[in-house]
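# Structural description and commentary
The primary structure of each chain is shown beneath.
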Amino acid sequence: MTRVWKWNRPVTVREVLEDLQRERSIAYTTVMTVLDNLHQKGWVRREAEGRAYRYEAVSTRAAYAAALMNEAWSQSDNPAAALVAFFGMMSEEQRQALTDAVRIVQGPEAVKPEPAAPAAPAAETVGESVESSGETQETPGESPDRPGR
């Protein structure tokens, strides 16, 4: 699958074979059998081209990894504990990627802002207008006809 994902286009057994042979000795029939097995499992689709087939990934590598994680997590008798153990294995970079992914899934509205500087005096709390020098000042982000926005 790595070779099919790497090229991100339909590939032949011969192309995969030649690429693999740069690293190790492998038989044409072995590559053909593996690609056929991947097709039977539904991981690749194939289209006839002359006497050969061109194989193409059905999903992205990321979607495949997500499906594996979901399947493993669903097999747990304690999903929360499994997640805690999994998060404990993550590097700082992986935890940051997870935080970014949660923000993307939840959308920008769901992300809570960082704690702000000390609270303003009670008269200047969000949603209230402050009168000074006879003028009404609006809280940032608000307009008289769209309160709270």
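For the structure given in this document, a descriptive report is provided here.

Conventions and cut-offs
Residues numbered from 1 in each chain as written. Predicted model: local features only at pLDDT ≥ 70, side-chain atom pairs only at ≥ 80, totals over all residues. Heavy atoms only, no water. Core = buried A, V, L, I, M, F, W, Y, C linked by side-chain atoms within 4.5 Å. Buried < 20%, exposed > 50% of the residue type's maximum accessible area, 1.4 Å probe, protein only. Helix = DSSP H or I, 4+ residues; strand = E, 2+ residues; numbered from the N terminus. Contact = heavy atoms within 4.5 Å. Phe/Tyr/Trp six-rings, centres within 6.5 Å; stacked < 30°, edge-to-face > 60°. Salt bridge = Lys/Arg side-chain N within 4 Å of Asp/Glu carboxyl O. Axes fitted to C-alpha atoms, helices over the stretch in contact; angles between N-to-C directions. Parallel < 35°, antiparallel > 145°, perpendicular 65-115°, else oblique. Left-handed = near helix turned anticlockwise from the far one by under 90°. Pairing = 2+ DSSP bridges.

### What about the nonpolar core?
- Membership of the largest hydrophobic core comes to 14 residues, with the highest contact counts inside it found for V16, V31 and L35.
- Mapped by element, the contributors of at least two residues to this core are α1 (2–7), α2 (13–21), α3 (28–40) and β3 (52–57).
- A per-element tally of this core places α2 first, with four residues.
- Setting aside its immediate chain neighbours within four residues, L35 contacts V4, V13, V16, V44 and Y55.

### A short note on the packing of aromatic side chains
- Counting across every chain of the model gives four aromatic pairs.
- With centroids separated by 5.1 Å and ring planes inclined at 65°, the aromatic side chains of W43 and Y64 adopt a geometry described as edge-to-face. Residue W43 is located in the loop between α3 and β2 (44–49), and its partner Y64 is located in helix α4 (residues 61–74); the two are separated by 21 residues in the primary sequence.
- Accessibility expressed as a relative area gives 25% for Y64, which makes it partly exposed.

### A word on the pattern of salt bridges
- For the structure shown, the criterion picks out 11 salt bridges.
- For D19, the salt bridge is made with R3, and the minimal N-O distance between the two is 2.5 Å. Here D19 is found in helix α2, whereas its partner R3 is found in helix α1, with 16 residues between them in sequence. As far as burial versus exposure is concerned, D19 and R3 are alike and both buried.
- One salt bridge in this structure joins R9 and E15, with 3.3 Å as the shortest N-O distance.
- When its relative accessible area of 35% is taken as the criterion, R9 is described as partly exposed.

### Looking at the packing of α2 against α3
- Where α2 meets α3, the closest approach of the two axes is 9 Å, and the angle between their N-to-C directions is 120°. The angle between α2 and α3 falls in the class oblique. Between α2 and α3 the crossing geometry is right-handed. Where α2 abuts α3, its residues V13, R14, V16, L17 and L20 lie against Y28, V31, M32 and L35.

### Some points on the pairing of β2
- Of the pairings in the sheet, the one linking β2 to β3 comprises six bridges and is antiparallel in character. What sits directly across from E47, in β3, is R54.
- In this structure, the hairpin formed by β2 and β3 is closed by a connection of two residues, where G50 is found at a positive phi of approximately 65°.

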